[in-house]
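If you want the building blocks of each chain, they are given just below.
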Amino acid sequence: MPSSQDNKPTNRSRRRFLADTLRSAVGVGLVSMTLGVYQRQAIALPSTAIRPPGAGDEEQFQGACIRCGLCVRDCPFDTLKLAELGDAVALGTPYFTARDVPCEMCDDIPCIKACPTSALDHDLTDIDKSRMGLAVVVDQEACIAFKGLRCEVCFNVCPIRSKAISLNYQHNERSGKHALFIPVVHSDACTGCGKCEKACILDEAAIKVFPIALAKGVLGQHYRLGWEQKKQAGESLVSPDVPHEYNLPEGMRYDHAGEGLIQEQATAPENLAPPFSDNPLDTLNRKGGL
Amino acid sequence: MEKGQFPGAEAVKVNGWFKANRFLLLRRVSQVSLLALFLAGPWLGYWIVKGNMASSLTLDVLPLTDPLVFLQAILTGNPPVQAGIIGAAVVFIFYFLVGGRVYCSWVCPINIITDTANWLRRKLKLKGGTTFSRQSRYWLLLAILILALLTGNIVWELVNPVSMVYRGLIFGMGMAWGIVIAIFLLDLLVAHNAWCGHLCPVGAFYSLIGKFSVLRISAVNRQACDDCLDCFAVCPESRVIKPALKGADQKIGPVILSGQCNNCARCIDVCAKDVFSFSTRFSNQLPESKESSNQREVMS
Ligand code: SF4
Ligand code: SF4
Ligand code: SF4
Ligand code: SF4
């Protein structure tokens, strides 16, 4: 560009326009980058925040929820609330804290009906099939059931009692004659409603509901459990299924219920041939190997 | 405007205080009563409207959904269900009819804050500050839409001050008061009209609807203008007035067609000569005979 024209008003205004545009572009670029990074953090749901029934995984949920609070309004138990600025949960999204107010698992699920988006799955009509979270007996040292005391409060308040939580009877080693009534949660039935956490009689609950992503382990896809494969196939898949044979010196056998290695009673101990011959070659060449 | 007078002083003298502030008052009534409708439920137990500006349900039948957040949800790949779609369509059609940025001047709570900051700026005669492009808001709008598309998350709603304040008032503010104060200070000290006129992508979105919307402000009576510049002083987007008010010579019609116009009608309020009035975009014909004869008179 010839320098003689630099001071022409059109050039000056064009330059200003370019500078302004550049400034906007750079500013907006920086803001977008910051927002992009921030949303990576916002996607992490704190362990105490449970989403309403029908919410998918956190990424899907945050992409769909427009933060209108209609679910909050239609919850008859004031379970849900919208995250405020400063909360650890993504701004404006609905959640509940089980220890404060758990979900009462309404039969008609009004929160889902109220939702104007696909944030809450409108195909979910059976509340028992919802998976808001998963209860975990996180502290077996504090849970009084493990100390041999009768509690079972979590078991009794569970809306799907005996399917979502069952009691597992175990021998009480300490007293020697009583049973422990251990609460065990089953992920195939637990909805994560949080009533057990709310009801836990400890100062800090020993059973807690966590978002599924935190609470649930996933077995590698390639695992095949032999006993299940066997049941499916109707027969053993490792053939032939021969009884195990021990290779023992004559006059001895192995039986675990009889506490292991047993000498046949027929032979008196003093008449018993020593297990190993005096000639080491005999031992080496013994039929059946070592 | 005479020296030392506030913009609109002449109109107050000529038309009386009430008439010279009637649209400003109406707008405040509109903004406050909309908020009151939302608050009547949680505060008083009258559930006329549930939800917030993002999406609401009125009298258990009428769904309303903000079209911008609706658009973002679509871009993330999570389209809203029927109620949301109907709601967004209703709101879109409404603003298409009455003017996109009617949202800004008649509904948005931030507008009260930024108007106050601007008023104080005029009172305290604060001038200057940084300058940056008024186009920034469109860039920002584009950026938040791209972010929604790329991340699959409605990223803008994590920080959007507009919805944050509205939702905050209804559901609990948390630390959102800090944002209110920040925007107030931004507009007062950093740049004139910084938020609504330069940055807010929500306003930018509604101004795009406004580009095509029906109800418009028109300088129908522009030959009566006595160049007091009061309208320019109060207009939040003052550039939009010039072509309509001063464009007679260039054969530009009197209707303010720019989507950036808020339809706040403050210009109608402050004009002592009653130059402006509400009109539609379809009545933008040059009243040839009358105006050209006027011009001929002036020229001769
Ligand atoms: S199922 Fe009922 S109690 Fe639970 S969150 Fe929904 S409305 Fe509230
Ligand atoms: S009703 Fe749906 S979109 Fe609205 S806040 Fe609740 S989950 Fe989000
Ligand atoms: S969260 Fe607790 S109470 Fe609720 S279903 Fe699961 S085990 Fe039962
Ligand atoms: S520009 Fe944004 S903040 Fe300002 S009034 Fe419009 S929507 Fe509200």
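Residues numbered from 1 in each chain as written. Chains lettered and ligands numbered in written order. Predicted model: local features only at pLDDT ≥ 70, side-chain atom pairs only at ≥ 80, totals over all residues. Heavy atoms only, no water.

1. Some points on the overall build of chain B
In terms of regular secondary structure, chain B is built from 15 helices and five strands. Taking 300 residues into account, the globule formula puts the C-alpha radius of gyration at 19 Å, and chain B, at 20 Å, falls close to it. Out of the 300 residues belonging to chain B, those deemed buried represent 52%. Contacts spanning at least 24 positions in sequence make up 74% of the contacts within chain B whose residues lie at least 6 apart. In the structure as shown, chain B presents an accessible area of about 13,500 Å², 70% of it carried by carbon and sulfur atoms. Between the centroid of the 28 positive side chains of chain B and the centroid of its 17 negative side chains there is a distance of 3 Å. (Helix = DSSP H or I, 4+ residues; strand = E, 2+ residues; numbered from the N terminus. Rg over C-alpha atoms; globule rule 2.2 N^0.38 Å. Buried < 20%, exposed > 50% of the residue type's maximum accessible area, 1.4 Å probe, protein only. Contact = heavy atoms within 4.5 Å. Areas by Shrake-Rupley, 256 points an atom, 1.4 Å probe, with all protein chains shown as cover. Lys, Arg positive; Asp, Glu negative; His and termini not counted. Charge placed at Lys NZ, Arg CZ, Asp CG, Glu CD.)

2. Overview of the pattern of salt bridges
Here the idea is simple: oppositely charged side chains can pair when their charged atoms come close. All names here are of chain B. Evaluated as defined, the whole model comprises 16 salt bridges over all chains. Note that Arg 266 and Asp 269 form a salt bridge whose closest N and O atoms lie 3.2 Å from each other. Note that Arg 266 and Asp 269 are positioned in helix H14 (residues 266-270) at a spacing of three residues, about one turn of the helix. Looking at Arg 266, the relative accessible area reads 15%, which means it is buried. Residue classification places Asp 269 among the buried positions, given a relative accessible area of 0%. Several salt bridges converge on common partners, so that one network encompasses Arg 101, Arg 134, Arg 137, Glu 237 and Arg 239. (Salt bridge = Lys/Arg side-chain N within 4 Å of Asp/Glu carboxyl O.)

3. Structural notes on the interface of chain B and chain A
Chain B puts 44 residues into the contact, and the matching count from chain A is 40 residues. Each partner contributes to the roughly 3,300 Å² buried at the junction of chain B and chain A, and carbon and sulfur atoms together form 66% of this total. The largest share of the area that chain B buries against chain A comes from Trp 139, Leu 158 and Phe 171 of chain B, three residues that together contribute 19% of it. Summed over the shared surface of chain B and chain A, the result is one salt bridge. In this structure, Asp 74 of chain A and Lys 50 of chain B form a salt bridge, with 2.9 Å as the shortest nitrogen-oxygen distance. (Buried area = accessible area lost by both parts, 1.4 Å probe.)

4. Considering the site of ligand 4
Lining the immediate environment of ligand 4, one finds Arg 101, Tyr 103, Cys 104, Cys 108, Ile 110, Asn 111, Val 162, Trp 195, Cys 196, Cys 200, Val 202 and Gly 203 of chain B. Among the elements of the structure, helix H5 (102-107), helix H6 (110-123), helix H10 (194-199) and helix H11 (201-210) of chain B are those that each provide at least two residues to the shell around ligand 4. (Near = heavy atom within 4 Å.)

5. Section: the site of ligand 2
Taken together, 13 residues surround ligand 2, and among them Cys 65, Cys 68, Gly 69, Cys 71 and Cys 115 of chain A come closest. In the shell around ligand 2, the residues fall into 10 nonpolar, two polar and one charged. (Nonpolar A, V, L, I, M, F, W, Y, C, P; charged D, E, K, R; others polar.)

6. Here's the deal with helix H8 (residues 161-171) of chain B
Owing to its 3.6 residues per turn, the α-helix aligns residues three or four sequence positions apart on the same side. Residue and element names in this part refer to chain B. Along H8, 10 of the 11 residues are buried, which leaves the element largely enclosed by surrounding structure. Among the residues making up H8, those that are buried are Pro 161, Val 162, Ser 163, Met 164, Val 165, Tyr 166, Arg 167, Gly 168, Ile 170 and Phe 171. Regarding H8, its N-cap is Asn 160, as a side-chain oxygen of that residue lies 2.9 Å from the backbone nitrogen of Val 162 further along. Phi turns positive, to about 125 degrees, at Gly 172, one or two residues after H8. (Polar contact = N/O pair within 3.5 Å; in protein donor to acceptor, adjacent residues only side chain to side chain.)

7. Things to note about a nonpolar patch on the surface
Residues and elements named next belong to chain B. On the surface, Leu 37, Trp 43, Leu 44, Tyr 46, Ile 48, Leu 59, Val 61, Leu 62, Ile 86 and Val 90 cluster together into a nonpolar patch covering about 1,000 Å² of accessible area. The set of elements that each furnish at least two residues to the nonpolar patch consists of helix H2 (22-44) and helix H4 (82-98). When residues in the nonpolar patch are grouped by element, the largest group, three residues, is from H2. Within the secondary structure, Leu 44 is located in helix H2. (Patch = residues over 30% accessible without salt bridge, like charges linked within 9 Å, V, L, I, M, F, W, Y side chains within 5 Å.)

8. Some details on the domain arrangement of chain A
Structurally, chain A comprises domain 1 (1-42), domain 2 (45-131) and domain 3 (133-218). Between domain 1 of chain A and domain 2 of chain A, the C-alpha centre-to-centre distance is 42 Å. (Domains from an automatic or database assignment.)

9. Quick notes on the sheet that holds strand E3 (residues 94-97) of chain A
In spatial order, the strands read E1-E3-E2 (chain A); together these three strands make up an open sheet with antiparallel pairing. On the outer flanks of this sheet lie strand E1 (49-50) and strand E2 (81-82) of chain A, each paired with one strand and no other. (Pairing = 2+ DSSP bridges.)

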